[in-house]
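Spelled out, the chains give:
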Amino acid sequence: MIPWSRRRLLGAGAVMLASPAVLRAAPLQLRIGHGLPIFHPVHGAMVQFADAVRRNSGGEIDIEIFPDGQIGHEVNLLAQVQAGKLDFLKVSASVLEAIAPAYRVLSLPFVFRDRDHWLRVTADAVGEDILASGASIGLVGLTYYDAGSRSFYGRKAIHHPDDLKGMKIRIQPSPTMARLMQVLGAEGVEMGWDQVYTALKLGLVDGAENSVSALIVGRHGEVVTHYSTNEHTMVPDVFLVSTARWQSFTQAQQRIIREAATVSHHHMNTEWLAFEQMTRDVLTRMGVIFVQPDKAAFAEKAAALTADLADGRTADLLRRIARS
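Below: a short report on this structure. Just so you know, these numbers come straight off a predicted model, no measurement behind them.

Another point: the pattern of salt bridges. Applying the stated rule across the entire model yields 13 salt bridges. Between Lys 165 and Asp 162 there is a salt bridge whose closest N-O contact spans 3.7 Å. Taking the relative accessible area as the measure of exposure, Asp 162 reaches 40% and is therefore partly exposed. The salt bridge partner of Glu 231 is Lys 295, with a shortest N-O separation of 2.4 Å. Here Glu 231, found in strand β9 (residues 226-233), pairs with Lys 295, found in helix α13 (residues 295-309); they are 64 residues apart in sequence, far enough to count as distant. According to the relative accessible area criterion, Glu 231 is partly exposed, its value standing at 28%. Via salt bridges that share partners, Asp 51, Arg 54 and Asp 62 belong to a single interconnected network.

This is how it looks when you write it as structure tokens:
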């Protein structure tokens, strides 16, 4: 064996110092996908989440965010997460209900009395149980984001459910929302978010239902004239992680992820109100007319749908929500 000289020992040490990988493993690289622009509070919440994870893991976990549908919109992103090809995503609870039935209760009309009630439910055991319900199909829920109340908008005012008769209304892929449109006398047209602006502009649909932010985020305020605040649902956005990815984390990493999700939850729910008011101000200047319809008439019509769907687990969740 050839003895190591002082020069060789120093040389080997220099190589080790010049190669950080020898001393520290490369960060775990993860990805988040969502369909909203970077000026939306959801993106800010994602940034808060990624920063908290990076900081609290000591740089062990690095998360890259792909906003604005860069790698797909909600249905496609959902499939990617289930397949283990994407780590995290934001998706509407309405889109989840077809594959994770517990989420259906969040899409039922007039389930929440007001925003404070919504905040309580999504933060208590009911909300936690719903988040946990998708683990077996590849989806671990981490937290909820406020997405506002959903109302109707189009080229005419909607004062009463009768005003919806015969109208084609764009809806998210949601069996519950499709049924609600039938109950209210409209035709629900399931359509991807990226198609709605063109459909409204060309008259392929007569209107849509969403939070007021959709008129700015999706530019729908350029092609509609009225926003009717009947507030039939308060469907939250849900922040999820792939089950496969979740199970690959250590317990310490899981704790860091959950704590960071809570940070992002508070950021989003605080920023949302200011964003919503800014949106209303901009739309008013654009000439969009805000209508205050008869909410009681919508709630009365919708009650039959809630009663029809209130079976099994949904009925239990509804009872727990009512007590919150």
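Across all of its chains, the model carries 10 aromatic pairs by this definition. When the ring of Tyr 145 is compared with that of Phe 239, the centres are 5.9 Å apart and the planes differ by 20°; the resulting orientation is stacked. Of this pair, Tyr 145 sits in strand β4 (residues 139-145) while Phe 239 sits in strand β10 (residues 237-242), placing them 94 residues apart in sequence. Taking the relative accessible area as the measure of exposure, Tyr 145 reaches 0% and is therefore buried. Taking relative accessible area as the criterion, Phe 239 reaches 0% and is therefore assigned buried. A network of ring pairs unites the aromatic residues Phe 49, Phe 88, Tyr 145 and Phe 239 as a single cluster. Stacked on the ring of Tyr 197, the Lys or Arg Arg 219 has its end atom at 4.4 Å from the ring centre.

A separate point is the nonpolar core. Within the largest apolar cluster, 46 residues are counted, with the highest numbers of intra-cluster contacts made by Tyr 103, Ile 130 and Leu 164. The contact partners of Tyr 103, leaving out residues within four places of it in the chain, are Ala 93, Leu 96, Glu 97, Ile 130, Leu 131, Ser 133, Gly 141, Tyr 144, Val 238 and Leu 240. If you look at the next biggest cluster of nonpolar residues, it comprises 29 residues, including Val 53, Phe 249, Ile 257 and Ala 261.

This paragraph deals with the sheet that holds strand β3 (residues 88-92). Within the open sheet, the 5 strands sit side by side as β2-β1-β3-β10-β4. Their pairing is mixed. Both edges of this open sheet fall to β2 (61-66) and β4, since each of them pairs with a single strand only. Here the strands of the sheet are splayed against their neighbours by 25° on average, with no regard to which way each runs. Note that strand β1 (residues 28-33) and β2 share 6 bridges and pair parallel. Directly across from Gly 33, in β2, lies its bridge partner Phe 66.

Structurally, the position occupied by His 34 is in the loop between β1 and α3 (41-56). Polar side-chain contacts of His 34 include one of 3.1 Å to the backbone nitrogen of Leu 36. Excluding its chain neighbours within four sequence positions, the residues that come into contact with His 34 are Val 42, His 43, Met 46, Ile 65, Phe 66, Pro 67, Asp 68, Gly 69, Leu 77 and Lys 90.

Glancing now at helix α8 (residues 175-184). Think of an α-helix as 3.6 residues a turn; residues three or four steps apart then line up on the same face. The set of residues buried in α8 consists of Thr 176, Met 177, Leu 180, Met 181 and Leu 184. Taken down its axis, α8 places every buried residue within 140° of arc, on the same side.

What follows deals with the sheet that holds strand β11 (residues 289-291). The strand order β7-β6-β8-β5-β9-β11 describes an open sheet built from 6 strands, whose pairing is mixed. Single-partner strands in this sheet number two, and they are β7 (187-190) and β11. For this sheet the average axis-to-axis angle between neighbouring strands, irrespective of direction, equals 30°. Examined bridge by bridge, strand β6 (residues 168-171) and strand β8 (residues 207-210) share 2 bridges and lie parallel to one another. Bridged to Ile 169 within β8 is Gly 207.

Definitions and limits used
Residues numbered from 1 in each chain as written. Predicted model: local features only at pLDDT ≥ 70, side-chain atom pairs only at ≥ 80, totals over all residues. Heavy atoms only, no water. Salt bridge = Lys/Arg side-chain N within 4 Å of Asp/Glu carboxyl O. Buried < 20%, exposed > 50% of the residue type's maximum accessible area, 1.4 Å probe, protein only. Helix = DSSP H or I, 4+ residues; strand = E, 2+ residues; numbered from the N terminus. Phe/Tyr/Trp six-rings, centres within 6.5 Å; stacked < 30°, edge-to-face > 60°. Lys NZ or Arg CZ within 6 Å of the ring centre and 35° of its normal. Core = buried A, V, L, I, M, F, W, Y, C linked by side-chain atoms within 4.5 Å. Contact = heavy atoms within 4.5 Å. Pairing = 2+ DSSP bridges. Axes fitted to C-alpha atoms, helices over the stretch in contact; angles between N-to-C directions. Polar contact = N/O pair within 3.5 Å; in protein donor to acceptor, adjacent residues only side chain to side chain. Arc of directions from axis to C-beta.

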